[in-house]
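# Fold and contact review
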Amino acid sequence: MKKPKWVVQKEQDKKARSRETVWLFGLHAVRDALTNPARSRERLVVTPNAEQKLADAIAQSGMTPEVVEPRRFSVPLDPGSVHQGAALEVKPLEWGRLEDVCIGDEAPRVILLDRVTDPHNVGAILRSAEVLGASAVIGTRHHSAPETGALAKTASGALERQPYLRVRNLADAIRALQDMGYTVLGLDGEADQTIEQAVAGRTDRPVALVLGAEGPGLREKTRDTVDHLVRIDAAGGFGSLNVSNAAAIALYASRGPRGSA
């Protein structure tokens, strides 16, 4: 019996993902990937100076690096990438299912990204998510920033520890979180209520925050799927925040006053 086209496509996509690799670069990103037991590592290229600085991490990883002089440092990185003499080819991390990573301790927090494609913004969001204790950052497989060297460098190590899932459909992910007991809040500068007002009296419950790309903001379907639209309480009409700054402020605000419930 001939397989349906969608089944064939799904199998092909799975095989393509299994062959996919990413080049991480920069001392911090490479060091954290070398010491992450969940990372599948393929190839390490370093200059003599970087090899010295990464000696402990290289020993822990068990890898044998390719040591090259700076003028012969040639790996497939974007022009202008500040690699600091270290580049590591890896497989993308597998974080499992949304249901597995979005069950936190008490009152988990999750960030969802609606077509946020800039890897620097996503990297910064991952860093804030780790610092502020989010259970996961969730984007989409298409129209969102994939795992890249630039993202990893901006995340400053958080990519190795902070779950970053890319789902097929954001609206489906929102509904799944709602079924898990999450209150899902979409950020919109024109919303009637603030984040603090939306979570008042229920900061002890799971909350997911959805942020859209700078400019377009949330898509109509996303706006229709969230529980409430909320805004960051600003001091006045001074323009809008960068999406990574907005994510950090929104996460903090969703916790409410310290010790409240």
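The structure contained in this document is the topic of the report that follows. (Residues numbered from 1 in each chain as written. Predicted model: local features only at pLDDT ≥ 70, side-chain atom pairs only at ≥ 80, totals over all residues. Heavy atoms only, no water.)

## Some remarks on the pairing of strand E5 (residues 109–114)
Within E5, six of the six residues are buried, which leaves it mostly tucked inside the rest of the structure. Burial along E5 is two-sided: Arg 109, Ile 111 and Leu 113 facing one way and Val 110, Leu 112 and Asp 114 facing the other are all buried. The pairing of E5 with strand E10 (residues 207–212) spans six bridges and is classified as parallel. Note on E10: the bridge partner recorded for Asp 114 is Gly 212. With three bridges connecting them, E5 and strand E6 (residues 136–140) associate as parallel partners. Note on E6: the bridge partner recorded for Ile 111 is Val 137. (Buried < 20%, exposed > 50% of the residue type's maximum accessible area, 1.4 Å probe, protein only. Helix = DSSP H or I, 4+ residues; strand = E, 2+ residues; numbered from the N terminus. Pairing = 2+ DSSP bridges.)

## Here's the deal with the pattern of salt bridges
Inspection of every chain in the model, using the stated rule, returns nine salt bridges. For Asp 32, the salt bridge is made with Arg 161, and the minimal N-O distance between the two is 3.9 Å. Note that Asp 32 is positioned in helix H2 (residues 27–34) and Arg 161 in the loop between helix H7 (149–155) and strand E7 (164–167), a separation of 129 residues in sequence. Residue classification places Arg 161 among the partly exposed residues on the basis of a relative accessible area of 42%. Residue Arg 175 pairs with Asp 172 through a salt bridge whose shortest N-O separation is 2.8 Å. Pair noted here: Arg 175 and Asp 172 are both in helix H8 (residues 170–179), with a separation of three residues, about one helical turn. Judged by relative accessible area, which is 43%, Asp 172 ranks as partly exposed. Sharing partners across several salt bridges, the network here consists of Asp 32, Glu 130 and Arg 161. (Salt bridge = Lys/Arg side-chain N within 4 Å of Asp/Glu carboxyl O.)

## Things to note about the pairing of strand E1 (residues 22–25)
Residues Val 22 and Leu 24 point to one face of E1 and Trp 23 and Phe 25 to the other, with burial holding for every one of them. The sheet contact formed by E1 and strand E4 (residues 86–90) spans four bridges and is antiparallel. Along E4, the bridge assignment pairs Trp 23 with Glu 89.

## Considerations on the environment of Pro 216
With respect to the secondary-structure elements, Pro 216 resides in the loop between E10 and helix H10 (220–225). Taking relative accessible area as the criterion, Pro 216 reaches 67% and is therefore assigned exposed. For the pair Pro 216 and Asp 114, spaced 102 residues apart in sequence, the C-alpha separation works out to 9.8 Å.

## Concerning the nonpolar core
Counting residues in each nonpolar core, the largest one holds 48 residues, and the members touching the most others are Leu 126 and Leu 211. Sort the elements by how many residues they give to this core and helix H11 (residues 243–254) lands first, with six residues. Those residues in contact with Leu 126, other than ones at most four positions away along the chain, are Val 137, Leu 151, Ala 155, Ala 158, Leu 159, Gln 162, Pro 163 and Tyr 164. Membership of the second largest hydrophobic core comes to 19 residues, among which are Leu 112, Leu 170, Leu 177 and Val 226. (Core = buried A, V, L, I, M, F, W, Y, C linked by side-chain atoms within 4.5 Å. Contact = heavy atoms within 4.5 Å.)

## Digging into the sheet that holds E4
To summarise the sheet geometry, strands pair through backbone hydrogen bonds and adopt either a parallel or an antiparallel arrangement. Read from one edge to the other, the open sheet built from four strands follows the order E1-E4-E2-E3, with strand pairing classed as mixed. Looking at strand neighbours, the two that pair on one side only are E1 and strand E3 (66–67), the edges of this open sheet. Note: strand E2 (residues 41–46) against E4, five bridges, orientation antiparallel. Looking across to E4, one finds that Val 45 is bridged to Ala 87. Here H2 sits on the sheet and contacts E1, E2 and E4; the angle it forms with E4, its principal contact strand, is near 40°. (Axes fitted to C-alpha atoms, helices over the stretch in contact; angles between N-to-C directions.)

## Observations concerning the sheet that holds E7
Taken together, seven strands build an open sheet; the order of strands is E7-E6-E5-E10-E8-E11-E9 and the sheet is parallel. Each of the sheet's edge strands pairs with one partner strand only, and the pair in question is E7 and strand E9 (193–194). Two elements, E9 and strand E11 (residues 228–231), share two bridges in a ladder whose sense is parallel. Looking at E11, one finds that Gln 193 is bridged to Val 230. Its contacts with the sheet place H11 against E5, strand E8 (183–187) and E10, and it is angled at close to 160° to E10.

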